[in-house]
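Architecture and fold: a report
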Amino acid sequence: MKRILVTGGAGFIGSALVRYIISSTPDDVLVADKLTYAGNLDSLASVSGDERYHFQRLDICDGPAVDRLLQAYRPDLIMHLAAESHVDRSIDGPAEFIRTNIDGTYILLEAALRYWRSLDRVKQSAFRLHHISTDEVYGDLGSSKGLFSEISPYAPSSPYSASKAAGDHLVRAWLRTYGLPTLITNCSNNYGPYQFPEKLIPLVILNALAGKPLPVYGDGGQIRDWLYVEDHAQALYRVAQVGKIGDTYNIGGHNQRKNIDVVASICEILEECAVAKPAGVAHFRDLIQFVADRPGHDRRYAIDAGKIERELGWHPQETFDSGLRKTVQWYLSHPAWWRRVQDGTYSGERLGLAR
Ligand code: NAD
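Because the structure is a prediction, the values reported are computed rather than measured.

Concerning the pattern of salt bridges
A full pass over the atoms with the stated rule returns 16 salt bridges. Ionic pairing is found between aspartate 67 and arginine 114, a salt bridge with its closest N-O pair at 3.2 Å. Of this pair, aspartate 67 sits in helix α2 (residues 63-73) while arginine 114 is found in helix α4 (residues 95-117), placing the two residues 47 residues apart along the sequence. The closest approach of N and O atoms between arginine 299 and aspartate 219, which form a salt bridge, is 2.9 Å. Remark: aspartate 219 occurs in the loop between β8 (214-217) and β9 (223-225) and arginine 299 occurs in the loop between β13 (288-291) and α10 (306-312); sequence separation between them is 80 residues. For arginine 299, a relative accessible area of 33% translates into the label partly exposed. Here the salt bridges share partners, and the residues they tie into one network are Lys34, Asp59, Glu96 and Arg99.

Topic: the environment of arginine 99
Its place among the elements puts arginine 99 in helix α4. Note on arginine 99: relative accessible area 28%, which makes it partly exposed. Sequence-wise, arginine 99 and lysine 145 are 46 residues apart; in three dimensions their C-alpha atoms are separated by 35 Å. When near neighbours in sequence (up to four residues on either side) are disregarded, arginine 99 contacts Lys34, Asp59, Cys61 and Gly104.

Some details on the packing of aromatic side chains
Considering all chains together, one arrives at 19 aromatic pairs under this definition. For the ring pair phenylalanine 148 and tyrosine 301, a centre distance of 6.2 Å and an interplane angle of 40° mean the geometry is tilted. Taken as a pair, phenylalanine 148 in the loop between β5 (128-134) and α6 (159-178) and tyrosine 301 in the loop between β13 and α10 lie far apart in primary sequence, 153 residues in all. Taken individually, phenylalanine 148 and tyrosine 301 each receive the classification buried, so the pair is uniform in this respect. Directly above the aromatic system of tyrosine 37 lies the positively charged group of arginine 89, at a separation of 3.5 Å from the ring centroid.

Remarks on unusual backbone geometry
Non-glycine residue tyrosine 194 carries a positive phi angle of around 70°. On the secondary structure map, tyrosine 194 appears in the loop between β7 (190-191) and α7 (200-210). When its relative accessible area of 16% is taken as the criterion, tyrosine 194 is described as buried.

Focus on the environment of valine 275
Relative to the helices and strands, valine 275 resides in the loop between α9 (259-272) and β13. It is 21 Å that separates the C-alpha atoms of valine 275 and isoleucine 260, two residues lying 15 residues apart in sequence.

Regarding the packing of α2 against α4
Running from N to C, α2 and α4 cross one another at 40°; their axes reach a closest spacing of 9 Å. Classed by the angle they form, the pair α2 and α4 counts as oblique. When you trace α2 past α4, the crossing you get is right-handed. Contact residues: α2 offers Gly63, Val66, Asp67, Leu70 and Gln71, while α4 offers Ile107, Leu108, Ala111, Ala112, Arg114 and Tyr115. Within the contact of α2 with α4, the residues separate by chemical class into seven nonpolar, two polar and two charged.

Side note on the packing of helix α1 (residues 12-24) against helix α8 (residues 229-242)
The relative placement of two packed helices is expressed as an angle between their axes plus a distance between the axes. Following both chains from N to C, one finds α1 and α8 inclined at 65°, their axes separated by 9 Å at the closest point. Judged on the interaxial angle alone, α8 and α1 are roughly perpendicular. Considering the relative orientation of α1 and α8, their crossing is right-handed. Residue-level inspection shows Phe12, Ile13, Ala16, Leu17, Tyr20 and Ile21 of α1 in contact with α8, the latter providing Val229, His232, Ala233, Gln234, Leu236 and Tyr237. Partitioning the contact of α1 with α8 into residue classes produces ten nonpolar, two polar and no charged.

Each value, and the rule that gives it
Residues numbered from 1 in each chain as written. Predicted model: local features only at pLDDT ≥ 70, side-chain atom pairs only at ≥ 80, totals over all residues. Heavy atoms only, no water. Salt bridge = Lys/Arg side-chain N within 4 Å of Asp/Glu carboxyl O. Helix = DSSP H or I, 4+ residues; strand = E, 2+ residues; numbered from the N terminus. Buried < 20%, exposed > 50% of the residue type's maximum accessible area, 1.4 Å probe, protein only. Contact = heavy atoms within 4.5 Å. Phe/Tyr/Trp six-rings, centres within 6.5 Å; stacked < 30°, edge-to-face > 60°. Lys NZ or Arg CZ within 6 Å of the ring centre and 35° of its normal. Axes fitted to C-alpha atoms, helices over the stretch in contact; angles between N-to-C directions. Parallel < 35°, antiparallel > 145°, perpendicular 65-115°, else oblique. Left-handed = near helix turned anticlockwise from the far one by under 90°. Nonpolar A, V, L, I, M, F, W, Y, C, P; charged D, E, K, R; others polar.

This is the structure in structure tokens:
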């Protein structure tokens, strides 16, 4: 049994990882999360009664508090997911992205190094810090046929991806310079249950149900490589257990889709699920509305996930069609979760942390 500290564990991917660890492993988990607008304790309700689950409200930018937490919990593994994660918000207000994704990662690395140096040799050699990052650090594949590999050069386009790239570089520097045992994963776009409804897929599902416009940036031709969040959670756990220290692993679902096709597929699934339509809506796809493109919008991302598949034996379980269907069904059957997000009574907002 390991003791795992998960930063950002109340977010979309972090909560999927924590639910996976509690349901499928013998490990003990401490979630450390600031509970920004994106942190939602409702997403951890199914594990909150388990004695192997613990929660501590923490800002990773508070170095002394991170030191105290590490000394008190004494983790064998840190999985670092705490971040500002929404590209549009990074364009409107980059400061918080620089603070959490760069300064916060630096502060966590320094605290982890102090903690790691305080361990005995056996514990030191077992310890790892796993930094969770994005394929957006590699920039835009444009109209090329290429895929991102672990040696693709970094060329981030947005304040979000630039801040994540900086975090990745710091993690590598702390490994190379100080010997801190780290691993990095870079993953493609995630989707699935419990995703905050500012992101494309839940936004489209919930707007469609409310009869609101379904906004699509530009011509909708941007291509993303989609991965079901529970597949990502399993990949993260696998890398943290058996990945090679110092290595990077790209994670992707072999599901390249144009944004417009994703939106059209959601409309089709909603039609099939015989959802009662809002008044005046003949077909959900009639709600699609093209809006001005995002500044600096990357055209295509796509992952070569061959390394994690060959070396660690991980493969995604869901196709895009099966995962999207599960996701739509989840939002249809969990209105209590998303209504509390919409009306602001979920944890992040209730604690006065809305921005
Ligand atoms: P999210 O926005 O849903 O969750 C982020 C969590 O971090 C929230 O619970 C928030 O409260 C917490 N947090 C933010 N600032 C903090 C701080 N200063 N201290 C402590 N906690 C803080 O994000 P997500 O979609 O779950 O992404 C998790 C990680 O995975 C991020 O690092 C992101 O860059 C990366 N990633 C996301 C995707 C994706 O498609 N969502 C894809 C690849 C990689």
